[in-house]
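These are the residues of each chain, in order.
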Amino acid sequence: MKKPITSLMLFVAVFIAVYLMLCYWPGFRIKLYAPPMEYFVESVKHMVVFKALVSAVVGLLAAGIGSVMQRRAK
């Protein structure tokens, strides 16, 4: 019962980390002179489909590797 929860938590953590990393990657950075909170919100909304797909793939890979590592540790 604990394996799916661990994989899900790993997926969510990696998804968020990769998505935020893509928001500030130099090639995807937006040119906007605004207060920090508005800049952050617009960075998150910019290219949302592409960033979500990349983050989901990396998150699934991390969760899959985590599951394989748990099975082999037994």
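Only a predicted model underlies this, so the values are computations on that prediction, with no experimental measurement involved. (Residues numbered from 1 in each chain as written. Predicted model: local features only at pLDDT ≥ 70, side-chain atom pairs only at ≥ 80, totals over all residues. Heavy atoms only, no water.)

## Structural notes on the environment of Tyr24
Among the structural elements, Tyr24 can be located in the loop between helix H1 (2-23) and helix H2 (36-45). Linking Tyr24 and Leu61, residues 37 residues apart in sequence, is a C-alpha distance of 22 Å. Ignoring sequence-local partners within four residues, the contact set of Tyr24 consists of Arg29, Tyr39, Phe40 and Ser43. (Helix = DSSP H or I, 4+ residues; strand = E, 2+ residues; numbered from the N terminus. Contact = heavy atoms within 4.5 Å.)

## A short note on the UniProt feature "transmembrane region" (unreviewed entry) in the protein
As recorded in UniProt, the sites labelled "transmembrane region" (unreviewed entry) are residues 7-28 and 48-69. Secondary structure across residues 7-28 divides into 77% helix and 0% strand, with the first and last C-alpha atoms of the span separated by 29 Å. End C-alpha to end C-alpha, residues 48-69 measures 31 Å, and it is 100% helix and 0% strand. (UniProt positions renumbered as here; feature names shortened; annotations may be inferred.)

## Some points on the packing of aromatic side chains
Per the stated rule, a full pass over the model turns up four aromatic pairs. Where Tyr24 meets Tyr39, the ring centres are 6.2 Å apart and the plane angle is 35°; that geometry is what we call tilted. Of this pair, Tyr24 sits in the loop between H1 and H2 while Tyr39 is found in helix H2, placing the two residues 15 residues apart along the sequence. Look at Tyr39 and you get buried, because its relative accessible area is 15%. Ring pairs connect the aromatic residues Phe11, Phe15 and Tyr19, which therefore count as one cluster. Over the face of the ring belonging to Tyr19 we find Lys51, whose NZ or CZ atom lies 6.0 Å from the ring centre. (Phe/Tyr/Trp six-rings, centres within 6.5 Å; stacked < 30°, edge-to-face > 60°. Buried < 20%, exposed > 50% of the residue type's maximum accessible area, 1.4 Å probe, protein only. Lys NZ or Arg CZ within 6 Å of the ring centre and 35° of its normal.)

## Details of a nonpolar patch on the surface
Side chains of Leu8, Val12, Ile16, Leu20, Tyr24, Met37, Phe40 and Val41 sit close together on the surface and give an oily, nonpolar patch of about 680 Å² of accessible area. Elements represented by at least two residues in the nonpolar patch include exactly H1 and H2. Tallying contributions element by element places H1 first for the nonpolar patch, with four residues. Relative to the helices and strands, Leu8 is located in helix H1. (Patch = residues over 30% accessible without salt bridge, like charges linked within 9 Å, V, L, I, M, F, W, Y side chains within 5 Å. Areas by Shrake-Rupley, 256 points an atom, 1.4 Å probe, with all protein chains shown as cover. Salt bridge = Lys/Arg side-chain N within 4 Å of Asp/Glu carboxyl O.)

## Things to note about unusual backbone geometry
Positive phi, normally seen in glycine, also occurs at Met47, with a value near 55°. Looking at where Met47 falls in the secondary structure, it is placed in the loop between H2 and helix H3 (48-73). By relative accessible area, which is 35% here, Met47 ends up partly exposed.

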